[in-house]
Structures are given as C-alpha cells and as structure tokens.
Amino acid sequence: MKILVVEDNEDLRSSLVAVLQDELYAVDTAEDGEVGLYKAMNWDYDCIICDVMMPIMDGFTMINKLRDHKQTAVLFLTAKDAVEDRIYGLDSGADDYITKPFDIDELLARVRSLIRRAGASVNPVVTIGSLSFDLNKKTVSQNEQEIELTGKEFTFAELMLHQKGKVVSRDYLYEHLFDEDDESLSNLLDVYIYKLRKKLGKDFIKTKRGQGYIVE
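The text that follows walks through the structure, step by step, so that each part is easy to find. (Residues numbered from 1 in each chain as written. Predicted model: local features only at pLDDT ≥ 70, side-chain atom pairs only at ≥ 80, totals over all residues. Heavy atoms only, no water.)

Let us now look at empty space enclosed by the protein. The probe, sized like a water molecule, is rolled over the atoms to show the empty space still left. This structure, assessed with the given rule, holds 1 cavity of 30 Å³ or more. Its volume calculated, the largest cavity comes out at about 40 Å³. Around the largest cavity sit Tyr 25, Arg 112, Ile 115, Arg 116, Leu 135, Asn 136, Lys 138, Glu 158 and His 162, which together line it. Every element with two or more residues in the lining of the largest cavity is listed here: helix H5 (104-118) and helix H6 (151-162). (1 Å grid on protein atoms, 1.4 Å probe; cavity = no way out; pocket = protein on both sides within 12 Å on 5 of 7 lines; lining within 4 Å. Points joined across faces, edges and corners; volume = space filled by probe spheres on them. Helix = DSSP H or I, 4+ residues; strand = E, 2+ residues; numbered from the N terminus.)

What follows deals with the packing of H6 against helix H7 (residues 170-177). Contact geometry for H6 and H7: axes closest at 11 Å, N-to-C directions at 125°. With respect to H7, the axis of H6 lies oblique. Considering the relative orientation of H6 and H7, their crossing is right-handed. Here H6 contributes Lys 152, Thr 155, Phe 156, Leu 159 and Met 160 to the contact with H7, which in turn contributes Tyr 172, Leu 173, His 176 and Leu 177. Classifying every residue of the contact of H6 with H7 by side-chain character gives 6 nonpolar, 2 polar and 1 charged. (Axes fitted to C-alpha atoms, helices over the stretch in contact; angles between N-to-C directions. Parallel < 35°, antiparallel > 145°, perpendicular 65-115°, else oblique. Left-handed = near helix turned anticlockwise from the far one by under 90°. Contact = heavy atoms within 4.5 Å. Nonpolar A, V, L, I, M, F, W, Y, C, P; charged D, E, K, R; others polar.)

A cis amide bond links Lys 100 to the next residue, Pro 101, at an omega of -10°. Note that Pro 101 resides in the loop between strand S5 (96-99) and H5. Phi is positive for Ile 56, which is not a glycine, with a value near 70°. In this fold, Ile 56 is placed in the loop between strand S3 (47-51) and helix H3 (59-66). Taking the relative accessible area as the measure of exposure, Ile 56 reaches 65% and is therefore exposed. (Buried < 20%, exposed > 50% of the residue type's maximum accessible area, 1.4 Å probe, protein only.)

Quick look at the packing of aromatic side chains now. This model, assessed by the stated rule, comprises 6 aromatic pairs. Relative to Phe 154, the ring of Phe 133 lies with its centre 6.5 Å away and its plane at 55°, an arrangement referred to as tilted. One end of the pair, Phe 133, is in strand S7 (residues 131-134); the other, Phe 154, is in helix H6, and 21 residues separate them in sequence. What makes Phe 133 buried here is its relative accessible area of 0%. Through pairs of rings, three or more aromatic residues link up here, namely Phe 60, Phe 76 and Tyr 97. (Phe/Tyr/Trp six-rings, centres within 6.5 Å; stacked < 30°, edge-to-face > 60°.)

The next subject is the nonpolar core. Membership of the largest hydrophobic core comes to 46 residues, with the highest contact counts inside it found for Val 111, Phe 133, Phe 156, Leu 173, Leu 200 and Phe 204. Examining the composition of this core, we find that 6 residues originate from one element, H6, more than from any other. For Phe 156, the contacting residues outside a window of four places in its chain are Leu 173, Leu 177, Leu 189, Tyr 192, Ile 193, Leu 196 and Ile 205. Formed by 19 residues, the second largest nonpolar core is a distinct cluster that contains Ala 30, Phe 60, Val 74 and Phe 76. (Core = buried A, V, L, I, M, F, W, Y, C linked by side-chain atoms within 4.5 Å.)

This part is about the side chain of Lys 70. Examined against the element boundaries, Lys 70 turns out to sit in the loop between H3 and strand S4 (74-78). Looking at Lys 70, its side chain comes within polar contact range of the main-chain oxygen of Met 41, at 3.4 Å. A distance of 2.8 Å separates the side chain of Lys 70 from the side chain of Asp 44, its partner in a polar contact. The contact partners of Lys 70, leaving out residues within four places of it in the chain, are Ala 40, Met 41, Asn 42, Trp 43 and Asp 44. (Polar contact = N/O pair within 3.5 Å; in protein donor to acceptor, adjacent residues only side chain to side chain.)

Now the structure itself:
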C-alpha cells in the first residue's frame, strides 16, 4: 500500500514517514500543495494524508482540484478544529479529518479504514478458501494455524486482497508497493509471488498471461 504525505512541516513530515514505513506502507512526500497535486495526479496512491495550511497551494485547494480527476482516499491533517472548518474540508473532497495534535494510533486506524473502504472491503478480516487474513493485526492463518509472512510479503498479499477478483498489472504492483526512492530490482515481484505461492498455496495468486495477476 502506498501513501502520499503532503505536509510543509519537515519534522512532522519525517515523523509521519517513519511511522507509516514502520507499518509497512510505501511513502512518497510533498512539502506544499502544488507538488502534492502534481504527484497525486501522476501517480496512484491508496491514501493521501494532507495538511491544510501550506505554502503555494493550501490543502483545500489541492484536493478540490484533484477531485476533478481522481477519487483517491484523502485524510486532512490540520490544526483548524472549528466545526465550519471540518465541514469545509469534507465538502472540499476529504474523506476524513483529524486535528493536531493527534494520537498516532488513531491516525493509523483512520488510514486503514480509508484504504479498506477504497478497496470495497469494510471487514478487516478477509477469508480466501481456508486462509484468513487479519488486515489490522497483519497476520494470516490457515485452519487456525498462523503462517509466518515477512512484512513485504504481507503487504503484497494485502494489496492483492484489496483488488480481489480483479486482474492487477505489474505496473500497478510496482506503483503501490515501492516508494519513489526505492531502487528495487524488477525481479523482486517474481520473488514475492513465488514466496507467497509457496507459503499460501500455488493457487493463491494466479497469473493471467499478458495481463497480470489475480486473487479470485
């Protein structure tokens, strides 16, 4: 899962990146609304965390412009806590709104909720055959026996679960699994698919030749 953090405060931006990466998200950043809008328009993100008061272009304007083209899930992050500000933020196109100072666990829970809703799954527990995935705890079990996945393997599996029943291209996987500074080799996708099939069963991820991959 890939998140764009748009925040002009360098310390807060760096802290958010560190926390999100610890939760196994790939993270891109922008320090003003103009750069944030450019990235949001040109790359696909699973969620955008966006400050409101920023130089060059404020968050309200950025998301309002984005909504003419994309419906990416957006969480506004701001010190403006008046009711009219929250209403204006939601009317500007945000999906959720959290005020500073905030509890990091609450922010992470809101991000997970937004990503689940965007993926058309409101249930944090997803069952595929005999496999049960807990998207909050980031665990997978089969017949009540936990299967050990690395962080990146679970992130890959979770991404496929959010697109369950749809063919997912390699380009989509690259865009949502790796951040803009990642220099990973392209064959890593094949390595992850091999490992997931070995641990979860060869039919967990099926190949659609010339199209991509699917979890049915």
